[in-house]
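Coordinate analysis (summary)
What follows is the residue order along each chain.
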Amino acid sequence: MLRQPIRALIVALAAAAAPLVFELPWWAVGWCLACWGYCLAGDRHGWSAPPRWIRMGIFVTGSVAVLVSAGLRFDGRDFITLLAVMAGMKPLEIRNRRDSMVTVFLAYFLVITSLFVFENLSMTVYLFLSVWITTAVLIQVNHPKGRLGAQLRLAGRLVVVAIPLTVLLFFLFPRLSGSYWGSPWTRQGRSGFTGTIRIGDVSRLALVDAPAFSVFFDGAPPPPDQRYWRGIVFQRLAGRTWYPEPRPHRRHRSIAGETQTGYTVVLEPTGQRHLFVLDLPLVADPVGSIMDDHTLLARRSVRQRLRYHAVSVLDYRQSADGPPGERYRQLPGGQNPRSTQLGRRWAKNLGSPAAVVAAGMDFFRESGFAYSLQPGPLGAEAVDDFLFSVRKGFCEHYASAFTVLMRAAGIPTRMVGGYQGGRWNALGGFLSVRQSHAHVWCEVWLNGQGWTRVDPTQAVAPERIDGQMAGDKLTGGEGRGMAALRRWHQTVQQTWETLNMRWNIWFMGFSAEDQVALLKRMGIYVAGRTHWFVFMALPVLFIGLFLLVGRLRPPPARSPDDAAVKIYGRFLGKMHRIGFPRPSHLGPQSYSDFVVRRHPALKAQVDAITQTYIALRYRPHAGPATLQNFGRQVRRFKPLPPAAKEDPGT
């Protein structure tokens, strides 16, 4: 039995599983490393494989660990963990070629699994590399004596040849609505706003430079100070945590304005239902509903990259409804007494809500407040500590404190979470909004105006709103060299962002609706269910036609050696039928001598056939005429079995 290529198989598994490392729990990564390390050491030192009962024990242990890690839920991430456990222990039981083939196909399955998890250009390129490595290992399993370079080149050619068919299936294979795969268990949201907000959440989010969403404007982009991306409205304060309206209703009030901006948002997965739109949305695609707090809420959590179009009114005017309920004036009882006392004093001395709002903004502007991502810890009375002791904080500190002051003054106030600003990508022509642009501002209710946006952060750090400050520059200045390095980094980053964005739009965003539209332009209509069944059969028919053409294609021209071997095989078949099978250890000349000794009557013909065959196989100048002569000799050769010797006594 041939020795199996354990090292190559583990390389294929490791290459296929590498993108999933950050999706796996730490123990699963250690599991794979331990199993593969044992197999590599055993292959090097000639250790015997663990017996079956030990392998069964390892399998049970890994399965129990996956179930314990999953708990009561078992989602796509737990399936990935189970797959990693199987990939880790599979090399322990490789004994023959069949086991090696199963391991190779397990590596292919890991590659497919990565496509369910990642949807970006860099990972797609890497997966092609992983397929190339796995295919080379597949070739080595079936041709273990081949050279590594030749196997890699052959695998590369196979991958390249498969690309046209891959592209064809990409456009024609029926897909589900939603996104590239339409799968409900793709990547989960990792960062961004959640359903609640605590003081300090946004400042930590601002340190993350991951993309939140990208925006393509129908016309010119709005100025930076009007790029307020509304996501979630916080209404109730409990302790240090703000909560949204528990059951919001759809918006029935109308808004109007002169400056309308249309745009398309490509939102990264958030795991939340909140979509982000410019303040305030007028209309939006039916992917979500505009609620009465002017937020856009999706029907289900966004677990895949989502694209939607919306139109917003930047100089909006709201219909003159009555003031909101008392819930927008409520504060937790007994908390932040100094802030509450200050707000009440403003209300008593200034009278009008507009004057109180202006006093609040002046208080932040003139009392020595500073804008920082590292404000330091706050005590039990967080707002009091911030307003009267620390006086240093991020946007949620100012918005939260301003809301408490206004509610203490009796003015309906709420907080709005979302993003502000964005980084314009001139190369791609879109606005890239990062997590570092996370922002929180306030809205106060004023008679005759309705909900009016007030941004306390603007009173302290106007450059943050004017787009002159990036989230990653908040901690200090930089020298000339660092500035040049930063500009170079931004250029590279914008180029990569543009490539990724085009990839996401053209390939990952190719939905079922896009596919139907493409087919319609090609004159194919698949509106009805019957049409879809017919359409689904097309790829199967195409593959069948491809295989049929391969079968009907004329075989490649044989070399003289191949033809000579085939004719010589017919000669051996004739000899086998008269009782002279060729022993496997005999060459042509030895076999001829063997036959002549036992059947001298065939000497002339067998010698002639053998010499012609040797000439065709081993002499360089034997041409087509010799091959024709050889075929004629074998065709005319009609041997009879040797006659039985007569008994001398008869």
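Residues numbered from 1 in each chain as written. Predicted model: local features only at pLDDT ≥ 70, side-chain atom pairs only at ≥ 80, totals over all residues. Heavy atoms only, no water.

Some remarks on the sheet that holds strand 11 (residues 296-298)
Ordered by their spatial adjacency, three strands build an open sheet running 7-11-10, and the pairing between neighbours is antiparallel. One side of each edge strand has no neighbouring strand; the edge strands of this open sheet are strand 7 (274-275) and strand 10 (288-290). Bridging between strand 10 and strand 11 involves three bridges; their strand directions are antiparallel. Looking at the pairing, S289 lines up with L297 of strand 11. (Pairing = 2+ DSSP bridges. Helix = DSSP H or I, 4+ residues; strand = E, 2+ residues; numbered from the N terminus.)

Notes on the packing of aromatic side chains
Going through the model one piece at a time under the given rule, you end up with 29 aromatic pairs. Ring centres of F105 and Y108 lie 6.1 Å apart, and the angle between their planes is 45°; on these two criteria the pair is classed as tilted. With F105 and Y108 both in helix 5 (residues 97-117) and three residues apart, the pair spans about one turn of that helix. Taken together, a centroid distance of 5.2 Å and an interplanar angle of 70° make the contact between F364 and F369 edge-to-face. Residue class for F364 comes out buried when judged on its relative accessible area of 1%. In this structure an aromatic cluster arises from ring pairing among W346, F363, F364, F369, F386, F388, Y398 and F402. (Phe/Tyr/Trp six-rings, centres within 6.5 Å; stacked < 30°, edge-to-face > 60°. Buried < 20%, exposed > 50% of the residue type's maximum accessible area, 1.4 Å probe, protein only.)

A word on the pattern of salt bridges
What the rule picks out here adds up to twelve salt bridges. Among the ionic pairs, R230 bridges to E443, the shortest N-O distance being 2.6 Å. In this pair, R230 sits in strand 3 (residues 228-238) while E443 sits in strand 19 (residues 438-446), placing the two residues 213 residues apart along the sequence. Residue R230 is classed as buried on the basis of its relative accessible area, which comes to 0%. Accessibility expressed as a relative area gives 1% for E443, which makes it buried. For R365, the salt bridge goes to D362, with nearest N and O atoms at 2.7 Å. (Salt bridge = Lys/Arg side-chain N within 4 Å of Asp/Glu carboxyl O.)

Description of a positive patch on the surface
The grouping of K566, R570, R632, R635 and R636 at the surface amounts to a positive patch. Secondary structure elements with two or more residues in the positive patch: helix 18 (560-577) and helix 21 (624-636). It is helix 21 that contributes the most residues to the positive patch, three residues altogether. Summarising the element assignment, K566 is placed in helix 18. Residue K566 is classed as partly exposed on the basis of its relative accessible area, which comes to 48%. (Patch = residues over 30% accessible without salt bridge, like charges linked within 9 Å, V, L, I, M, F, W, Y side chains within 5 Å. Areas by Shrake-Rupley, 256 points an atom, 1.4 Å probe, with all protein chains shown as cover. Lys, Arg positive; Asp, Glu negative; His and termini not counted. Charge placed at Lys NZ, Arg CZ, Asp CG, Glu CD.)

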